Amino acid sequence: MQKRIITWYIAVLISLLLMILIGGVTRLTDSGLSMVDWKLLLDVIPPLTESSWQNAFNAYKQFPEYTHYHSHFSLSDFKFIYFWEYLHRFFARILGLIFIVPFLVFWLKGRFEKKEKRYLCLALLCGIFQAFIGWYMVKSGLRDLPDISHFRLALHLSVAFLIVVLIAKAFLQRLYPIKNRSLTVPFMIGTGLFILTFVQVVIGAFVSGLKAGYAFNTWPKMGSEWIPENIFYLQPFYENFLKNGFAIQFLHRHLGVVILVATLGFAATLWKQKDRSLKYLLPTLLLLVSQVLLGIFTLVMHVPLVLASLHQLTATILLASFVYYLHQCQQKPIKKTKKSLH
């Protein structure tokens, strides 16, 4: 039974990564508003005939995104964006089944520990909430201004990452049960870095929602300046970091560097002190370096689909690796006793 539960955890985590990847592609290809209604069961089957495709296209034409941005679309163009939104919704249902059915079976058989139950129940609640947010987000674009709210997009992505974090934590609790919890300084510093990274991910969703990645496609300067003139033009000042794509890109690129430098410094300190937790931090450090490089290349190459998708996928794995580090940091090392020679 232990192997089955571990296999289930792995399947759920891989499915979540695929789901986030598909969601990222859906956003990057502007496909999210192609399906203009929400039918829990009826839209599981896509249009299969030419007339049903035409009906779906005609329904899409009734909404502002078509008239504002896609009035030049042919039916084949519409089929492309419809495919990604359909795949996103369809895979969400598959993911739900992959999670819920084994979850109920293992629960009824009493196979979960108390802490696992807590994390898994929270993940289930987040998953139900996520389904609502998905439609709530799409609804924000089916209006006179056909742009999905970046606040709703950020909420949608943040909850997805939170689900990954909760499932990863439950999985680690099964693999490496914490019996003697130890809240050390490395754990607290790691927690701070994890929170900063999560905030950075949310800011990344703002960048995506506002298409701020196209604002300045140079590195390390933004255009010809370190701080472009009039970048903080909104008043009051804090609104620049909520609605101003230029300021949000500025924050996203510089916070990423801050997190990387802070983590490198943290790793160097652990190495000098010969702290055992360094070996658990190394995967996170490697992922963080990769993530920053991916971000830079995505920016200077004008946000190509493949790199932008990899950037989001790596962010997911990075958060999970932080969870791994924090989990292992809490494990109180077992003191080794010298064996008697007698």
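Residues numbered from 1 in each chain as written. Predicted model: local features only at pLDDT ≥ 70, side-chain atom pairs only at ≥ 80, totals over all residues. Heavy atoms only, no water.

### Observations regarding the nonpolar core
Moving on, step 1. Among the nonpolar cores identified, the biggest contains 68 residues, and W8, Y9, L120 and I167 are the most heavily contacted of them.
Moving on, step 2. Those elements giving two or more residues to this core turn out to be α1 (2-28), α4 (75-108), α5 (114-139), α6 (150-175), α7 (185-209), α9 (245-272), α10 (278-300) and α11 (305-329).
Moving on, step 3. Contact partners of L120, with chain neighbours within four places excluded, come to W8, Y9, F99, F103, F112, I167 and A170. (Core = buried A, V, L, I, M, F, W, Y, C linked by side-chain atoms within 4.5 Å. Buried < 20%, exposed > 50% of the residue type's maximum accessible area, 1.4 Å probe, protein only. Helix = DSSP H or I, 4+ residues; strand = E, 2+ residues; numbered from the N terminus. Contact = heavy atoms within 4.5 Å.)

### Overview of the packing of α9 against α10
Moving on, step 1. Contact geometry of α9 with α10 gives a least axis separation of 10 Å together with a crossing angle of 155°. Overall, the two elements α9 and α10 adopt an arrangement that is roughly antiparallel. The handedness of the crossing between α9 and α10 is left-handed. Of the residues in α10, those touching α9 at Q249, R253, G256, I259, L260, T263, L264, F266, A267, L270 and W271 are L278, L281, L285, L288, V289, V292 and L299.
Moving on, step 2. Residue composition of the contact of α9 with α10, grouped by class: 14 nonpolar, three polar and one charged. (Axes fitted to C-alpha atoms, helices over the stretch in contact; angles between N-to-C directions. Parallel < 35°, antiparallel > 145°, perpendicular 65-115°, else oblique. Left-handed = near helix turned anticlockwise from the far one by under 90°. Nonpolar A, V, L, I, M, F, W, Y, C, P; charged D, E, K, R; others polar.)

### Quick word on the pattern of salt bridges
Moving on, step 1. For the coordinates displayed, the defined rule picks out five salt bridges.
Moving on, step 2. Here K211 ties to D30 by a salt bridge, and the two come within 3.2 Å at their closest N and O atoms. Of the two residues, K211 sits in the loop between α7 and α8 (240-243) while D30 sits in the loop between α1 and α2 (50-61), which places them 181 residues apart along the sequence.
Moving on, step 3. For R89, the salt bridge is made with E85, and the minimal N-O distance between the two is 2.8 Å. Of this pair, R89 and E85 both sit in helix α4, four residues apart, which is roughly one turn of the helix. Take R89 and E85: they sit in the same class, and that class is buried. (Salt bridge = Lys/Arg side-chain N within 4 Å of Asp/Glu carboxyl O.)

### Details of α7
Moving on, step 1. In this model α7 runs 36 Å from its N-terminal to its C-terminal C-alpha over 25 residues, within 8% of the 36 Å that 1.5 Å per residue would give.
Moving on, step 2. One or two residues past the end of α7 sits K211, with phi positive at roughly 55°. (Expected span 1.5 Å × (residues − 1).)

### Overview of the confidence of the model for the protein
Moving on, step 1. On average, residues of the protein score 89 in pLDDT, and 94% of them are at 70 or above.
Moving on, step 2. Scored below 50 in pLDDT, residues 336-342 makes zero contacts in the model with residues more than four places away or belonging to other chains. (pLDDT = per-residue confidence, 0-100.)

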